[in-house]
Amino acid sequence: MTDTTAAAPLLELRGVTAAADEKTILHGIDLAVTAGETHVLMGPNGAGKSTMGHVIMGDPTYTVQSGSISFDGRDITELTPDKRSRAGLFLSFQAPVEIPGVPLSSFLRAEIAGRPGLEMKGKEFRRRVKELAGQLDMDTAYLNRELGVGFSGGEKKKVEMLQLLLLQPKLAILDETDSGLDVDALGVVSRGIDAYKKATDGTLVIITHNTRILEHLHVDRVHVMVAGRIVKEGGADLIPWIDEHGFESFEQVAGHGAAADPQAVAASQGE
Ligand SMILES: Nc1ncnc2c1ncn2[C@@H]1O[C@H](COP(=O)(O)OP(=O)(O)OP(=O)(O)O)[C@@H](O)[C@H]1O
Ligand SMILES: [Mg+2]
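Residues numbered from 1 in each chain as written. Chains lettered and ligands numbered in written order. Predicted model: local features only at pLDDT ≥ 70, side-chain atom pairs only at ≥ 80, totals over all residues.

A.B. asks: Outline the overall build of the chain, supporting the account with residue identities and numerical values.
C.D. replies: In terms of regular secondary structure, the chain is built from nine helices and 12 strands. Across the chain, every contact between residues at least 6 apart in sequence was considered, and the portion connecting residues at least 24 apart equals 71%. (Helix = DSSP H or I, 4+ residues; strand = E, 2+ residues; numbered from the N terminus. Contact = placed C-beta atoms within 7 Å.)

A.B. asks: Outline the packing of helix α5 (residues 153-167) against helix α6 (residues 183-200), listing residues and values.
C.D. replies: Running from N to C, α5 and α6 point in directions that differ by 0°, and their axes come no closer than 9 Å. In terms of their interaxial angle, α5 and α6 are classed as roughly parallel. The segment α5 lies against α6, with Gly153, Gly154, Lys157, Lys158, Met161, Leu164 and Leu165 engaging Asp184, Ala185, Val188, Val189, Gly192, Ala195, Tyr196 and Ala199. Residue composition of the contact of α5 with α6, by class: nine nonpolar, three polar and three charged. (Axes fitted to C-alpha atoms, helices over the stretch in contact; angles between N-to-C directions. Parallel < 35°, antiparallel > 145°, perpendicular 65-115°, else oblique. Nonpolar A, V, L, I, M, F, W, Y, C, P; charged D, E, K, R; others polar.)

A.B. asks: Quick rundown of the site of ligand 1? Include the residues and the values.
C.D. replies: In the region of ligand 1, 15 residues are neighbours, and Ala20, Asn45, Lys49, Ser50 and Thr51 sit closest. Of all the elements in the fold, those that place two or more residues in the shell around ligand 1 are β2 (23-33) and α1 (49-57). A per-element tally of the shell around ligand 1 places α1 first, with three residues. Of the residues belonging to the shell around ligand 1, the class tally is three nonpolar, eight polar and four charged. (Near = placed C-beta within 6 Å.)

A.B. asks: Could you give an account of the nonpolar core, with specific residues and numbers?
C.D. replies: The nonpolar side chains of a soluble globular protein tend to be buried, and buried together. In terms of nonpolar packing, the biggest core is built from 60 residues, with Phe90, Ala172, Ile173 and Val224 touching the most fellow members. Residues contacting Phe90, with those up to four places away along its chain left out, are Ser85, Leu164, Leu167, Pro169, Leu171, Ala172 and Ile173. (Core = buried A, V, L, I, M, F, W, Y, C linked by C-beta atoms within 7 Å. Buried ≥ 20, exposed ≤ 12 C-beta atoms within 10 Å, placed from the backbone.)

A.B. asks: Could you give me a rundown of the sheet that holds strand β5 (residues 74-75), with the residues and numbers involved?
C.D. replies: Judged by pairing direction, the sheet is antiparallel, and its four strands sit side by side in the order β2-β1-β4-β5 without closing on themselves. The open sheet has two free edges, formed respectively by β2 and β5, since each of these has just one partner strand. Looking at chain direction, strand β1 (residues 11-20) and strand β4 (residues 63-71) are connected through seven bridges and run antiparallel. Following the sheet pairing, Ala19 is matched in β4 by Thr63. Most of the contacts of α1 go to β2, to which it runs at about 70°, and overall it touches β1, β2 and β4. (Pairing = 2+ DSSP bridges.)

A.B. asks: I'd like a rundown of the environment of Glu12, residues and numbers included.
C.D. replies: If you trace the backbone, Glu12 turns up in strand β1. Beyond its immediate stretch of four places on either side in the chain, Glu12 contacts Ala32 and Ser70.

A.B. asks: Residues and numbers for unusual backbone geometry, please.
C.D. replies: Positive phi outside glycine occurs at Asp72, with the angle close to 50°. Since 15 C-beta atoms lie within 10 Å of it, Asp72 is described here as partly exposed. A positive phi is found at Ala227, a non-glycine position, where the angle reads about 50°. Relative to the helices and strands, Ala227 is located in the loop between β11 (221-226) and β12 (229-234). Exposure remark for Ala227: the 17 C-beta atoms within 10 Å place this residue in the partly exposed category.

Right under this line is the structure:
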């Protein structure tokens, strides 16, 4: 970053190395996301994408061994997940939680409690949640069901999107990877993202293998992760390139530890 007049990024990772059970998964990740932008994180299975999401959110499963994370002008490297959430970070889990005995509406109510700007009376809360459920084509009967229990994959996605729209975080990390989204769930996620963008001009980091989600989105930046390292960054044009060529050439580069450009490597191999 040589341009000192540019606005500071909303989220910035500097040299983040992180481990679980003494096994280092992320190796010196640098990432800068400016407010209002949409970033996409791609990479093969096991690259460390979900881990990065969890590390940004402060999941205690992972230890940050070196580097720092800043968000909205402050260092959050040592903050608890709860404080990060209150600071405006949101992570949609690959496998959302189930809490038997707790109706979805009570969970949502507890989630917004005490958040500046989100205080609302019971009646207003119910009206707001109904309105959002309507936007997502979600049956309001869900609201009385136990959180996550017996919800289908698509229904869980709707709940995540409802949380996103209710909480209106400054930055949302959407980890879609293993959820096996069908056409309907894809529609839910796309609509949720649209509504979030429209309502808040929010900032997104989308982790996905399914680039159809991205078709109607303006993507500002794409990051490719292989073996716990960001090996390539570029604009939205990287997405169709990856759809066509896959990650193989990036993996070769990562494997050789070379600084070669995988797109150039692929081109030189007569692709
Ligand atoms: N809690 C953990 N304990 C031990 N190893 C872990 C843990 N979490 C992740 N890993 C390992 O770290 C690596 C990266 O996993 P991660 O889930 O971040 O990959 P991913 O890029 O999200 O993959 P996918 O595209 O399949 O979702 C994998 O080898 C995984 O087994
Ligand atoms: Mg993952």
